[in-house]
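Residue-level structure breakdown
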Amino acid sequence: MNRVCELTGAEFPLFAFSHCRDVVAAVTNAGGLGVLGAVAHTPEQLDIDLTWIEGEVKGRPYGVDLLVPEKFAGSESGGLDREALGELLPAGHRQWLEGLLDRYGIPPLPVGSATGGRSSGVGGMRVDPKSMAPLLDVLFAHETKLVASALGPPPPHFIERAHGA
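For clarity, every value in this text was computed on a predicted model and none was experimentally measured. (Residues numbered from 1 in each chain as written. Predicted model: local features only at pLDDT ≥ 70, side-chain atom pairs only at ≥ 80, totals over all residues. Heavy atoms only, no water.)

1. A closer look at the overall build of the chain
Of the regular secondary structure elements, the chain holds 7 helices and 4 strands. Listing the helices and strands of the chain from first to last along the sequence gives α-β-α-β-α-β-α-α-α-β-α. Burial statistics for the chain: of 165 residues in total, 35% are counted as buried. Across the chain, the fraction of contacts at a sequence separation of at least 24, relative to all contacts at a separation of at least 6, is 65%. Accessible area of the chain: about 9800 Å², with a carbon and sulfur share of 59%. (Helix = DSSP H or I, 4+ residues; strand = E, 2+ residues; numbered from the N terminus. Buried < 20%, exposed > 50% of the residue type's maximum accessible area, 1.4 Å probe, protein only. Contact = heavy atoms within 4.5 Å. Areas by Shrake-Rupley, 256 points an atom, 1.4 Å probe, with all protein chains shown as cover.)

In C-alpha cells:
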C-alpha cells in the first residue's frame with residue numbers, strides 16, 4: 001500500500017474527477033477514489049448527490065472538488081460579476097476560442113441565456129467566498145475523504161476545517 005492509499009483509504013492510487021455522481025461511485029466501488037466536481041452545484045443539489053454517493057459506496061472513500069482559492073480576485077470590492085471575470089481571460093485566449101467556435105459552426109447562445117453569451121468562458125458557476133461557503137457547509141456535513149481545490153492552496157481556515165472534519 002502506498003502513501004496515497006493510506007491517506008485516502010482507497011485500494012488503488014487512482015483518482016477520477018467527474019461531474020457525474022454515477023462515475024464517482026463506480027470508480028470508488030472499483031477501488032479508486034471518485035471525486036465529484038461540484039463547483040456548479042447548489043447546496044441542495046450537492047447534498048442530494050453526496051447522500052446518493054454515500055448510499056452507493058457504502059463507506060468507501062470519495063472526494064469533492066470545489067474552487068476555493070487562497071485569495072479571490074476582486075473580493076475587496078465585493079467580488080467579480082460575469083463580465084469582469086470574463087475580462088480576466090487574455091485577449092488571445094478569447095480570440096482562439098472564438099476561432100474554434102467559428103471553425104466548427106457553434107452558434108452564439110441566445111441573448112439572456114443562463115451562460116450569458118457565446119464565449120464568456122465562465123459557464124454558469126460562481127467562484128466567490130459567498131457562493132462557496134454554503135457548499136463547504138454541505139461538504140463537511142458528509143463523509144468526504146478528500147477535498148480538492150483546483151485553484152491552488154485554499155485559505156488556512158479551510159484547511160483547518162477540513163482537517164477537523
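2. Topic: the side chain of Thr144
Within the secondary structure, Thr144 sits in the loop between helix H6 (129-140) and strand E4 (146-149). Look past the residues within four positions of Thr144 in its chain and what remains in contact with it is Leu50, Tyr62, Gly63, Val64 and Leu139.

3. Description of the pattern of salt bridges
Summed over all chains, the structure comprises 3 salt bridges. In this structure, Arg3 engages Glu6 in a salt bridge whose closest nitrogen and oxygen atoms are separated by 3.7 Å. Of this pair, Arg3 and Glu6 both sit in helix H1 (residues 3-8), 3 residues apart, which is roughly one turn of the helix. Using a relative accessible area of 54% as the deciding quantity, one classes Arg3 as exposed. What makes Glu6 partly exposed here is its relative accessible area of 47%. The partner of Asp49 in a salt bridge is Arg21, and the shortest N-O contact between them spans 3.1 Å. Of this pair, Asp49 sits in helix H3 (residues 43-57) while Arg21 sits in helix H2 (residues 21-29), and the two are 28 residues apart along the sequence. Look at Arg21 and you get partly exposed, because its relative accessible area is 24%. (Salt bridge = Lys/Arg side-chain N within 4 Å of Asp/Glu carboxyl O.)

4. Concerning the side chain of Ser18
With respect to the helices, strands and loops of the structure, Ser18 is situated in strand E1 (residues 15-18). By relative accessible area, Ser18 is classed as buried at 14%. Among all residues touching Ser18, those that are not within four sequence positions of it are Val23, Val24, Val35, Leu36 and Gly37.

5. Focus on unusual backbone geometry
Unusually for a residue other than glycine, Lys58 sits at a positive phi of about 50°. Within the fold, Lys58 resides in the loop between H3 and strand E3 (62-66).

6. Here's the deal with H3
Here H3 contains 15 residues, and its C-alpha end-to-end distance of 21 Å stays within 8% of the 21 Å for a straight helix at 1.5 Å per residue. Those residues of H3 that sit buried are Leu46, Asp49, Leu50, Ile53, Glu54 and Val57. When H3 is viewed along its axis, its buried side chains cluster within an angular range of 135° and face the same direction. A positive backbone phi angle near 50° is found at Lys58, which sits one or two residues after H3. (Expected span 1.5 Å × (residues − 1). Arc of directions from axis to C-beta.)

7. Looking at the confidence of the model for the chain
The pLDDT averaged across the chain works out to 83; a share of 81% of its residues lies at or above 70. Here helix H4 (residues 82-87) stands out as the element of the chain with the lowest mean pLDDT, 70, in contrast to H2, whose mean of 98 is the highest. (pLDDT = per-residue confidence, 0-100.)

8. Concerning the pairing of E1
Residues Ala16 and Ser18 point to one face of E1 and are all buried, whereas Phe15 and Phe17, pointing to the other face, are not buried. Sheet topology note: the E1/strand E2 (residues 33-37) ladder contains 4 bridges and is parallel. Following the sheet pairing, Ser18 is matched in E2 by Leu36. Read as a crossover between parallel neighbours, the route from E1 over H2 to E2 is right-handed. (Pairing = 2+ DSSP bridges. Right-handed = clockwise from strand over helix to strand, strands pointing away.)

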